[in-house]
Amino acid sequence: MRNEIAVVTHTDTDGVTAAAQIRSVFPHARVAFPEWVEYGVSRKILESLAPADRLFVLDMGLDPKSVRTICDLRDRFGEITVIDHHPHDPADRERLDAAGVEVIYDPDYCASALTFLYLERAGLVQDSSFAAKWAVIGTYSDVFDTREKSAALLSRLIGRHPELSLELVTWDPSTRSERGIPAPAMFGAYINAGRYLHYHHGARVALEAAAEMERHGDVFLLREDFSKNHLEARYPHCHLLQRWHERWLSERNRVFERGNITYLKIRVGPYTFGLAFVNHEWDIGGYVAAKKANDSPQPQYAFAVNYGVPGPRAKISARAPRDAAQRRFVPELNLGDVMRTLSTVDPSFVGGGHEAAGSATFPKEVSEAKVTRLLKAALARSLSGKI
């Protein structure tokens, strides 16, 4: 009788590629994704899983609610391993230790890279394994490629998979021009397209597409012409993901058209932050915030609030400039901490994140004016002593 393996993972590329590695080693593992409004680990998601001999919790954060939920439902699972890179209160980590939960934590790696290193130490994968490709893609997608320890891992793994060192040329409909993108970043964008358009349902398709790529033996399957050689029938999830990515590229910038978006500037002490309000059915806030953070004349930390997401809660997304050197004008600002501070300013906000990215959800009844005031208060607390 086989051991039952269960996985709870985040819906972004980092979470999907971490789960893909677990399924590469344990093909029968059952994988659950949270609904987008559920930040962290909820009772609902753990109770949706049948009791298992082993549970992996990947890229879900170590916030108090998640820790409490895991400890409360500890007896449903034999061994539990939490793999994460998000900042947290050491007391929550101690609570997991006391409950006999294994915690793999390092803020200098993304969850996908940590999963690979964990499986490698256990002798379950090696540099030549397909799992190494997922670690590379996850690292690029979560913007950890410039960190010293992550960069060293990338160098080692790409050395065994040199095709991932290629720069792919893509057509950008918004600028009507070609541009080059590192192959791992491109494939990460394909995987993220699932959750951008269809949330946890799309993440499920992305995970199944990952299994198809591994069966095919090549992540470059996503760049194939699916109208040939019956590829559409043989790899339906990859084909769907490719179509979603094309739609994402062709339609995402319409949100910036006049009337679809409102921009504000928030000043806290000597610092200026960008804030955008949008109303779109896709999970597009992170993209809007990233564009604002990186494409403004003066790079800045930026926030985007989307009231158009499905359900009763809106979402605020935060992004830092991609170039770490550009972040120095706001010393030691951690966007995950800002989102957690926001939840202390107003408990109806629930969220978190890490240094370069964060998000939170809140009731749609909260007005734009109130969101602006609360965000300013959270930024002021986060910058206390630095202004």
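Here the structure is shown first, and the text comes after it.
Residues numbered from 1 in each chain as written. Predicted model: local features only at pLDDT ≥ 70, side-chain atom pairs only at ≥ 80, totals over all residues. Heavy atoms only, no water.

(A) Just the overall build of the protein, in detail. Across its full length, the protein carries 13 helices and 13 strands. The C-alpha atoms of the protein give 20 Å as radius of gyration, which agrees with the globular expectation for 387 residues (21 Å, within 12%). Taken along its principal axes, the extent of the C-alpha atoms in the protein is 60 × 55 × 40 Å. Here the contacts in the protein between residues at least 6 apart in sequence split such that 66% fall between residues at least 24 apart. With an accessible surface of roughly 16,400 Å², the protein has 48% of that area assigned to carbon and sulfur atoms. (Helix = DSSP H or I, 4+ residues; strand = E, 2+ residues; numbered from the N terminus. Rg over C-alpha atoms; globule rule 2.2 N^0.38 Å. Contact = heavy atoms within 4.5 Å. Areas by Shrake-Rupley, 256 points an atom, 1.4 Å probe, with all protein chains shown as cover.)

(B) Here's a closer look at the packing of helix 1 (residues 13-25) against helix 5 (residues 111-121). Running from N to C, helix 1 and helix 5 cross one another at 20 degrees; their axes reach a closest spacing of 7 Å. Considering the angle they form, helix 1 stands roughly parallel to helix 5. Note on packing geometry: the crossing formed by helix 1 with helix 5 is right-handed. Mapping the contact onto sequence places Asp14, Thr17, Ala18, Gln21, Ile22 and Val25 in helix 1 and Ala111, Ser112, Thr115, Phe116 and Leu119 in helix 5. For the contact of helix 1 with helix 5, the per-class residue count stands at six nonpolar, four polar and one charged. (Axes fitted to C-alpha atoms, helices over the stretch in contact; angles between N-to-C directions. Parallel < 35°, antiparallel > 145°, perpendicular 65-115°, else oblique. Left-handed = near helix turned anticlockwise from the far one by under 90°. Nonpolar A, V, L, I, M, F, W, Y, C, P; charged D, E, K, R; others polar.)

(C) The sheet that holds strand 2 (residues 30-32), seen in detail. Read across the sheet, five strands follow the order 2-1-3-4-5 without closing on themselves; strand pairing throughout is parallel. What marks the edges here is a single partner per strand, and that holds for strand 2 and strand 5 (102-105). On average, each strand axis in the sheet is inclined to that of its neighbour by 15 degrees, with strand direction left out of account. Examined bridge by bridge, strand 1 (residues 5-9) and strand 2 share three bridges and lie parallel to one another. Among the inter-strand pairings, Val7 is bridged to a residue of strand 2, identified as Val31. (Pairing = 2+ DSSP bridges.)

(D) Spatial organisation of the side chain of Lys292. Mapped onto the secondary structure, Lys292 falls in helix 11 (residues 285-295). It turns out Lys292 is buried and unbridged, and the closest side chain with the opposite charge, Asp295, is 10 Å from it. Among residues more than four places away in sequence, those in contact with Lys292 are Tyr263, Gly274, Gln300 and Ala302. (Buried < 20%, exposed > 50% of the residue type's maximum accessible area, 1.4 Å probe, protein only. Lys, Arg positive; Asp, Glu negative; His and termini not counted. Salt bridge = Lys/Arg side-chain N within 4 Å of Asp/Glu carboxyl O.)

(E) Focus on the pattern of salt bridges. The full count for this structure, using the stated rule, is 17 salt bridges. A salt bridge links Glu120 to Arg156; the shortest N-O distance between them is 2.8 Å. Separated by 36 residues along the polypeptide, Glu120 in helix 5 and Arg156 in helix 7 (residues 148-160) bring together distant segments of the chain. Through salt bridges that share partners, Arg43, Glu47 and Asp72 make up one connected network.

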